[in-house]
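Read off the chains here:
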Amino acid sequence: MAKVLGRRLDEIRAAKNLEVVRAFGRCHELHGDRKGQFSMDLVHPQRLIFTAAEDPPPRKTDGGLNWSLITSVVILGIHDTHE
């Protein structure tokens, strides 16, 4: 898993915003008690969990997160979000 984690962190660091990261590792927003957090695949079932560093995170007019304006993230950890 260390290789995959290193690759994911490199992808996040290299991206100019979170919209670019969307193409890698099934990056997606979480729901429920993890609303506002993002998840990227690592080694199944583990996921890299993070949030936007901007506070409050930038939003679209419809209320959704504006991925193109999120330019930095805070890594929360590695979790199995299917538990």
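Quick caveat: nothing in here was measured; it's all calculated off a predicted structure. Sequence order as written defines residue numbering, which begins from 1 separately in each chain. pLDDT decides what is reported in this predicted model: residues at 70 or higher carry local features, side-chain atom pairs at 80 or more are listed and counted, and totals for whole chains, interfaces and linings draw on all residues regardless. In computing side-chain properties, one takes all heavy atoms of the structure into account and sets aside hydrogens as well as water.

Caption draft 1: The arrangement of the pairing of strand β2 (residues 37-41) in detail. Exposure categories follow from relative accessible area, calculated using a 1.4 Å probe and restricted to protein chains: below 20% of the type maximum is buried, above 50% is exposed, and the middle band is partly exposed. The helix and strand labels rest on DSSP assignments: H or I over at least four residues marks a helix, E over at least two residues marks a strand, and numbering proceeds from the N terminus. Among the five residues of β2, five are classified as buried, and the element is accordingly described as predominantly covered. A pair of strands is labelled paired if DSSP reports no fewer than 2 bridges between them. In this sheet, β2 lies alongside strand β1 (residues 28-29) in antiparallel orientation, the contact comprising two bridges. Following the sheet pairing, H28 is matched in β2 by S39. As defined by bridge partners, β2 adjoins strand β3 (residues 47-52) across five bridges and the pair is classed as antiparallel. Note that in β3 the partner of D41 across the bridge is R47. Linking β2 back to β3 in an antiparallel pair, the connection comprises five residues.

Caption draft 2: The arrangement of the sheet that holds β2 in detail. Reading across the sheet, the four strands line up as β1-β2-β3-β4 and stay open at both edges, with antiparallel pairing between neighbours. Pairing within the sheet leaves two strands with one partner each, and these edge strands are β1 and β4 (73-79).

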